[in-house]
Every structure is written in structure tokens, then in C-alpha cells.
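# Examining the three-dimensional arrangement
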Amino acid sequence: MKVSVSPGHNINGTLILPLFEGSEAVPDSHEAGLHTALKGQINRILHDGDFKAKQKSTLSIIGGEGGKAMLVGLGKENDADIHAFRKAGAAVIANRKKAHGTDLTVQFSGASIEAMGAFAEGMLLRDYSYDHYKQQDEDEDKEGEIDVRVTCDEGQEDELESVIKIHAGVASGVHLSRDLGNCPPNDMYPEAFADQAWEWAKQYDDIEVTIINYDQAVKAGMGGLVAVGMGSARKPCMVIFELNGKKSGRCPLLVGKGITFDTGGISLKPGANMDEMKYDMGGSATVFGTMQALASTGHKGKVVAITCMAENMPSSNAQRPGDVIKTLSGKTIEILNTDAEGRLVLADGLWKAGEFDPEYIIDFATLTGACVVALGHEATGLWSNDDDFRTRIHEAGNAVDELAWPMPLLPAFEKEMTDSKIADTRNLGAGRWGGANTAAAFLKQFVPNRNYEKDGEQITWAHMDIAGTYWGAKTNSMVGNGATGIHVRTMYHLITNG
Ligand code: BES
Ligand code: ZN
Ligand code: ZN
């Protein structure tokens, strides 16, 4: 999608008209560029109450002599915040048919630059489909790229253009995350992810990608990553992204769970819906997408991301329940269930993060089914060792309409996870209750202290369980289906707003 800005009221292609509930006529300011027949038709529809402008509703006018239009509802004017504008923009694209054509002109009346930007953002985000694996029907005439023109008042164009440019960059990060998540697991395996990161980095001068391959991971002592990935012919790796890495000072550091397919390993999952476990690399997709959002918008600060990539397969080389493994931190883990594998790769990723002396660490992981039981597909589970930091992330999520809900990190959960007769810790709670919380408590053990000092202060850390929100979120209006790309926007907001 291409979005441009132009002052005035010329209409190119289909007119997109966002309206508040109760609008009875086309706003006066729009009349200049509007064909009288189309204006009459819209006014009749509004006057007769045939379009109520409820939030996200649309009505298409096609076939009249005055040109084409789509009315889109913003809901009640008093309630119409930027989220309403973003959702309305997404609704336009969700309801756009071939008959509307690819040239669209959006005309607002009296909306703020922020609101107009959010509307364009919704259009950009919703303009996504994953059809790389479908054969193109040669007879079907291909639709070109959607060309959107947003009209504004004289003097607003420069500011609006720069706002939309940022939204377009961030949307490209969301779409990258979705592409990675939607990619079938026969093509998205650890090395394929690493190759893609390597190729991607070439377009930016300020990005560096480092790949720690299987042999190097073994040598370095990344026992968690190695144990999970060794059962697969597709060997595990760690991919590290550094944006403006040469800059000095502490920076945000993101860690991603990247299980390119989770069969459960020897503790095999049941067969039903196992295909959904291709999304188990959603955490790594989130951080890769965030790096794209930051790099493409020219973020000047330093940011590091660590993705822990492995495929969890049952085989004669796979780890077993009963094994004891030694992680990068030196801590040993008794493996009680090989399906609790995300926490094992993250144990090494979190420990590795300490080497960068980060300001804070946030990990993203499709970690537990228990989190989906607790919060459904509506909210990400959010844990932190710092209450203020947790609130900051919660608020960053609210600012972009990506809900992350505070969850408790309790000493009792941590105790439950360290109760092993044979090792320092275990990868399974004592029972099935509170499974998302015990998983978070497990991770906390691998968050290093500053400079790895034994009695030092633990680095500020948050854990985000996106098992329910990375895919299957039917009520997310920025997404049609498949991977959601959630939290690229939350992270962009958090990192760029201090
Ligand atoms: N990848 C799964 C978690 C998951 C479940 C993500 C459903 C998305 C949807 C994870 O590796 C897993 O299998 N977790 C187990 C942990 C248990 C064995 C302690 C789970 O949630 O059942
Ligand atoms: Zn699992
Ligand atoms: Zn998993």
C-alpha cells in the first residue's frame, strides 16, 4: 500500500468518508471535490438513517453516476479516540472489494493529525495477506498495489506525511513478524530464520546480525538451546541483532522464544491442531519485527535482540524426561517434560543478555497453554521483577491498543520450580495449576544480576507470554487471520517514547 498526503479536496478513485454517529450530511468542507450526484446519494443515505456510522461499520456506494464511495463509521464523536480511527481505517481495507478499485481518497473533517495518522495506520496494518504458497491463477487479472491519498487542510501536509511515514515503517515490522509466523515450518526452521535475518540486515548500515550456530552453542555451553534442538535434523542456533550497536550506554534488550515447530518432543503433544505449533517462534518473530520497525524508521538509539531458535522434535537424538542439562548460567535443570521447552531455550537467551549490560530485558514467548486458559486470545500475560516497569509496558500496550495484562511473580512459584532432588531447578511445576506463573518464575532464575555479580541487583526484566495473542485472535481488527504480529507496535512505542 502506498499512502500519500495532499491538501485540498480532489478525489481520485473511490472516496473514503469517515463519519461520526449522527452525521446527517456530507460535511460542507468536502463539497468542493464531490460530484453532486454522489453528494446527493450520500446525503439521502444519511438523512434516511441507512448508515448509522457505528464503529467499524462500512457502506459501499458503487455504480452511481457520481463515482464510488465507502462510508465508514467512527462511532460516537465523544468516544472517538485514536483507536476508533485506527479500527475504522482497518475496516475500510477489510471491506474493500475489487469493485472499489485500488485508488482511494480519504477525506476527514476536522480530525487531528494524530487521528488521521491512526486511520492511515489501520489501513496499512490491515493491508496484509499471506498467499505466497498459492498458485497464481493466470486468467485472474491481478490487482495492483492500493494507492491511498489522504486529503488534509493546507499547511498540515508535512506533519501528517511524517506521521504516516512512521506508521508505514512500523507496519512493515508488524508484517514481517506475521510473515515469519505464518511461514510453514518446513520452510521456517532455525537456520532459515538466521539466513533471513542475515539477508535482511544487508539493507541497513546500522544493523549487525551475529549467528551462533549449533557447534558454537555447544562449545559456549548453551545447554538449554542445545538440548531442545538436538532432536531435530534442523539444528538450533541463536541469532543476535544489534541496532546502532557501537553506541555506548545501556539499551533495551529483547529476547525471543523461537521454536519453529513444537511437537512436544518425547513428551509428544496430542495430534489435534498440532499444526498451530508453527507459531511457536512468535516471540522471535516479534523481536525481529520490532528491529525492522526501528531500523526502517531510522531509530537512532541502540537496541539489541536475541532470538533462541530450535525445533522441538522426538527422535533418537532428542532429550528425554529425566535428563539433567546444564545451561549457560551454570545452573542445572531436571527435565520432567520435554514439551516445556521454551523456558529452556530462553534460559540461555536471558543469561546471554547480561553480556550486553542492558537497561532492561523483555522476553516474548508463546510459552504456556495455561496463559491462554487464563487470558484467552484477548491479552498477553505480563510479568516483571519491577512493578513500575511492568506498568510502563502495560501502558505502552494500552497506547497502541495491544493489551498486556499484569500477572504475579510470587516466591511460592519460584520455590515450586526449584524443588528438584537431582538438579538446581526443574522445568515443570509440581501440579498443573498456575502454569503460566510457574513458567514465569522459572525464567526469573535466569535473569542475570548486573555484571553477573553474585550478590548484585537483578537486571530489570519483563516476560510476555503471547501464547494466546500471537495467533488465533479473532477479535483483533488489525488482523484477518493467522499470525497477529502483536507487540511490535507496543515495543516501538515503549522504546521510542523513552
Ligand atoms: N508452545 C507451548 C505453549 C502453547 C500452547 C503455545 C498453546 C500456544 C498455544 C509450550 O511449549 C508448551 O507446550 N507448554 C506446555 C508446558 C507444560 C508442559 C508445563 C503447556 O502449556 O502445556
Ligand atoms: Zn512445548
Ligand atoms: Zn513451545
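Residues numbered from 1 in each chain as written. Chains lettered and ligands numbered in written order. Predicted model: local features only at pLDDT ≥ 70, side-chain atom pairs only at ≥ 80, totals over all residues. Heavy atoms only, no water.

## Overview of the coordination of the zinc ion (ligand 2)
What counts here: A 2.8 Å cut-off from the metal defines N, O and S donors, relaxed to 3.2 Å for Na, K and Ca; water is not in the atom list, so some sites may appear incomplete. The rule is simple: four donors are tetrahedral if all their angles sit between 85 and 135 degrees, four are square planar and six octahedral if opposite donors span more than 155 degrees and the others lie between 65 and 115, and anything that fits none of that is irregular. In this description a helix means any DSSP run of H or I spanning at least four residues, a strand means any run of E spanning at least two, and both kinds are numbered starting from the N terminus. Relative accessibility decides the category of a residue: with a 1.4 Å probe and only protein chains considered, values under 20% of the type maximum give buried, values over 50% give exposed, and everything between is partly exposed.
Surrounding the zinc ion (ligand 2) are the protein donor atoms Asp-262 (OD), Asp-339 (O), Asp-339 (OD) and Glu-341 (OE), which sit 2.0 to 2.2 Å from the metal. Angles of 71 to 167 degrees at the metal separate the six donor atoms of the zinc ion (ligand 2), which places the site in the irregular class. Every donor residue of the zinc ion (ligand 2) comes from the same chain, spaced as D-x76-D-x1-E. In this structure the zinc ion (ligand 3) is found 3.2 Å away from the zinc ion (ligand 2), and Asp-262 serves as a bridging donor for the pair. With Asp-262 in strand 9 (residues 252–262) and Glu-341 in the loop between strand 12 (332–334) and helix 9 (342–353), the pair connects residues that are 79 residues apart, well separated along the chain. Take Asp-262 and Glu-341: they sit in the same class, and that class is buried.

## Overview of the coordination of the zinc ion (ligand 3)
Summarising the metal site, the zinc ion (ligand 3) is bound by the protein donors Lys-257 (NZ), Asp-262 (OD), Asp-280 (OD) and Glu-341 (OE), whose distances to it range over 2.0 to 2.4 Å. Relative to the metal, the six donor atoms surrounding the zinc ion (ligand 3) lie at angles of 77 to 173 degrees, and the coordination shape comes out octahedral. Mapped onto the sequence, the donors of the zinc ion (ligand 3) take the spacing K-x4-D-x17-D-x60-E. Look at Lys-257 and you get buried, because its relative accessible area is 1%.

## Some details on empty space enclosed by the protein
Note the threshold: A cavity here means a set of 1 Å grid points, computed over protein atoms only, where a 1.4 Å probe fits but cannot escape. A pocket is an open set with protein on both sides within 12 Å along at least 5 of 7 lines, and lining residues have an atom within 4 Å of a point. Grid points are joined across faces, edges and corners, and a volume is the space filled by probe spheres set on the points. Note on residue categories: nonpolar means Ala, Val, Leu, Ile, Met, Phe, Trp, Tyr, Cys or Pro, charged means Asp, Glu, Lys or Arg, and polar means any other residue, Gly included.
A complete count under the given rule lists one cavity of 30 Å³ or more for this structure. Considered as a void within the structure, the largest cavity measures approximately 30 Å³ in volume. Ala-227, Val-228, Gly-231, Gly-265, Ile-266, Asn-312, Met-313, Ala-318, Gln-319 and Thr-338 are the residues that line the largest cavity. Residues that form the lining of the largest cavity fall into these classes: five nonpolar, five polar and no charged.

## Considering the domain arrangement of the chain
How we decide: For the purposes of this description, domain bounds are those given by an automatic or database domain assignment. By the convention used here, residues are in contact when the closest approach between their heavy atoms is within 4.5 Å. As used here, buried area is the combined drop in accessible area, with a 1.4 Å probe, of two parts when they are placed together. For salt bridges, the criterion is a side-chain nitrogen of Lys or Arg within 4 Å of an Asp or Glu carboxyl oxygen.
Here the chain is described as being made up of domain 1 (2–127) and domain 2 (168–496). One C-alpha centre belongs to domain 1, the other to domain 2; they are set 40 Å apart. Contact residues are listed per partner, giving twelve residues for domain 1 and 14 residues for domain 2. Together, the buried faces of domain 1 and domain 2 total about 1000 Å²; carbon and sulfur atoms form 59% of this surface. For the pair domain 1 and domain 2, the interface holds two salt bridges. Note that Glu-121 and Arg-489 form a salt bridge whose closest N and O atoms lie 3.3 Å from each other.

## Topic: the nonpolar core
Across soluble globular proteins, you tend to see nonpolar side chains buried next to one another. Rules: Among buried residues, those of type Ala, Val, Leu, Ile, Met, Phe, Trp, Tyr and Cys that are joined through side-chain atoms within 4.5 Å constitute a nonpolar core.
Ranked by internal contacts, the top residues of the largest apolar core, which has 57 residues, are Trp-200, Val-239, Phe-241 and Ile-362. For this core, the element with the highest residue contribution is helix 8 (residues 282–296), accounting for seven residues. The two domains that each donate at least three residues to this core are domain 1 (2–127) and domain 2 (168–496). Other than its neighbours up to four places away in sequence, Trp-200 contacts Leu-176, Ile-207, Phe-241, Phe-288, Met-291, Gln-292 and Ala-295. Counting 38 residues, the second-largest nonpolar core is a separate cluster that includes Ile-306, Ile-325, Ile-335 and Ala-365.

## Re the site of ligand 1
Test applied: Whether a residue is near a molecule or strand depends on its heavy atoms: if one lies within 4 Å, it is near. Any pair of nitrogen or oxygen atoms within 3.5 Å is treated as a polar contact; in protein, a donor-acceptor pairing is required on top of that, and neighbouring residues in sequence qualify only through side-chain atoms on both sides. Any molecule with more than half of its atoms within 2 Å of a cavity's or pocket's grid points is counted as sitting in it.
Taken together, 16 residues sit near ligand 1, with Lys-269, Asp-280, Asp-339, Glu-341 and Gly-369 positioned nearest. A distance of 2.9 Å is found between an oxygen atom of ligand 1 and a side-chain nitrogen or oxygen belonging to Asp-262. Note that an oxygen atom of ligand 1 is positioned 2.8 Å from one of the side-chain N or O atoms of Lys-269. Given that more than half its atoms are within 2 Å of the pocket grid, ligand 1 belongs to the largest pocket.

## A look at the sheet that holds strand 11 (residues 324–326)
Strand pairing within a sheet occurs via backbone hydrogen bonds; the two strands may be parallel or antiparallel. Counted only if it meets this: Should DSSP find at least two bridges between two strands, the strands are regarded as paired.
If you walk across this open sheet you meet the three strands as 11-12-16, and the pairing is mixed. Every other strand in the sheet has two partners, leaving strand 11 and strand 16 (425–426) as the edge strands with one partner each.

## Quick look at the side chain of Thr-286
Of note, Thr-286 is situated in helix 8. Judged by relative accessible area, which is 0%, Thr-286 ranks as buried. A distance of 2.7 Å separates the side chain of Thr-286 from the backbone oxygen of Gly-282, its partner in a polar contact. If near-sequence neighbours (up to four positions away) are discounted, Thr-286 is found in contact with Ser-177, Phe-364, Ile-466, Tyr-470, Ile-486, His-487 and Val-488.

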